[in-house]
Amino acid sequence: MPMACKKERDLDLTLILRNLQIAENNHDFRSMRGCLFEVLHLSNSGCNVSSVLPAVVKLLANSDVFIKRAAGEIIAANAEHRPEIVLLATNTLVQDCQDLNPVIRSLSLRTLTSLGKSLPSSDVLSSAVTQCLEDKSPFVKQNAENFILYKSSS
C-alpha cells in the first residue's frame, strides 16, 4: 500500500474518531451510525482500525440496535488481533444477554458466538448459550440452537 494512502486512512480514522466522540456526546444516533459504517468499511477493506476500537467497544452499551450490531461486527472482525478489546466487550455482551428486548439478547449472543476463541473464557460463552436456550423468545432460542448446531457440525 502506498504511503500516501496509509496517511489518508490514518487521517480518516482520526476524523472518524473525533466525529464519533462528538456524536456520542450529543446523543446523535444518525452520526454515530455513519461513523460506524465508515469504520466498518475501512475494516472490511483491510485497514487497521485499532485506534478507534476502544470507542467502538463503548458503543456496545448504546441502546440503538444498529449501533450495537455494527459495533459488534467491527469488534468481531478485529478480535484476533486485539484480544484486550474482546475482554472489554465481553461484560457488556453478557449483560445484554439479559436485556428485556429479545432482539438485543439475540444480537449479543450472536456477537459473543462470533468472538468464540477470542473470549477470555469458554465458560462465558457456554453460560450465555445455556441461558439463551431457556429464553422465552423463540428468536433468541433459535440463535442459541444455531450456534450449537454449527459447533457440532465443525
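Given the structure is predicted, the values throughout are model-derived calculations rather than measurements. Position labels on residues start from 1 in each chain and follow its written sequence. Given that this is a predicted model, residues contribute local features only at a pLDDT of at least 70 and side-chain atom pairs are listed and counted only at 80 or more, while totals for whole chains, interfaces and linings are drawn from all residues. Water and hydrogen atoms were dropped before computing side-chain values, which therefore reflect all heavy atoms in the structure.

Section: the side chain of Thr-111
Here is the rule: Helix and strand definitions follow DSSP, with helices as H or I runs of at least four residues and strands as E runs of at least two, each counted in order from the N terminus. Under the scheme applied here, a residue whose accessible area is under 20% of the maximum for its type counts as buried, over 50% as exposed, and between as partly exposed, the area being computed with a 1.4 Å probe on protein chains only. Any two residues having at least one pair of non-hydrogen atoms within 4.5 Å are treated as being in contact.
Among the secondary structure elements, Thr-111 is positioned in helix H6 (residues 102-115). Judged by its relative accessible area of 8%, Thr-111 falls in the buried class. Once residues lying within four places of it in the same chain are set aside, the contact partners of Thr-111 are Gly-72 and Leu-93.

Considering the packing of helix H7 (residues 122-133) against helix H8 (residues 138-153)
Worth spelling out the cut-off: Axis angles are defined between N-to-C directions and span 0 to 180 degrees, where every axis is a line fitted to C-alpha atoms and, for a helix, only to the segment in contact. Relative orientations are named as follows: roughly parallel for angles under 35 degrees, roughly antiparallel for angles over 145 degrees, roughly perpendicular for angles from 65 to 115 degrees, and oblique for any other angle. Each helix crossing is assigned a hand: it is left-handed if the near helix lies turned anticlockwise from the far helix by less than a right angle, otherwise right-handed if that turn is clockwise. Lys, Arg, Asp and Glu make up the charged group, whereas Ala, Val, Leu, Ile, Met, Phe, Trp, Tyr, Cys and Pro make up the nonpolar group; the residues left over, Gly among them, are polar.
Look at H7 against H8: their axes get within 8 Å of each other, and the N-to-C directions meet at 135 degrees. With respect to H8, the element H7 is oriented oblique. For the pair H7 and H8, the sense of crossing is left-handed. Where H7 abuts H8, its residues Leu-125, Val-129, Cys-132 and Leu-133 lie against Val-140, Lys-141, Ala-144, Glu-145, Phe-147 and Ile-148. Classifying every residue of the contact of H7 with H8 by side-chain character gives eight nonpolar, no polar and two charged.

Digging into the pattern of salt bridges
For side chains bearing opposite charge, pairing can occur when the charged atoms are close. Our working rule: Salt bridges are defined by distance alone: a side-chain nitrogen of Lys or Arg within 4 Å of a carboxyl oxygen of Asp or Glu.
Throughout the structure, instances matching the rule amount to six salt bridges. For Arg-33, the salt bridge identified is with Asp-64, shortest N-O distance 2.6 Å. With a gap of 31 residues between them, Arg-33 in helix H2 (residues 29-44) and Asp-64 in the loop between helix H3 (53-59) and helix H4 (65-77) connect regions that are remote in the sequence. Its relative accessible area of 34% is what places Arg-33 among the partly exposed residues. For Asp-64, a relative accessible area of 11% translates into the label buried. Across the salt bridge formed by Arg-82 and Glu-84, the nearest N and O atoms sit 2.3 Å from each other. Judged by relative accessible area, which is 19%, Arg-82 ranks as buried. Taking relative accessible area as the criterion, Glu-84 reaches 37% and is therefore assigned partly exposed.

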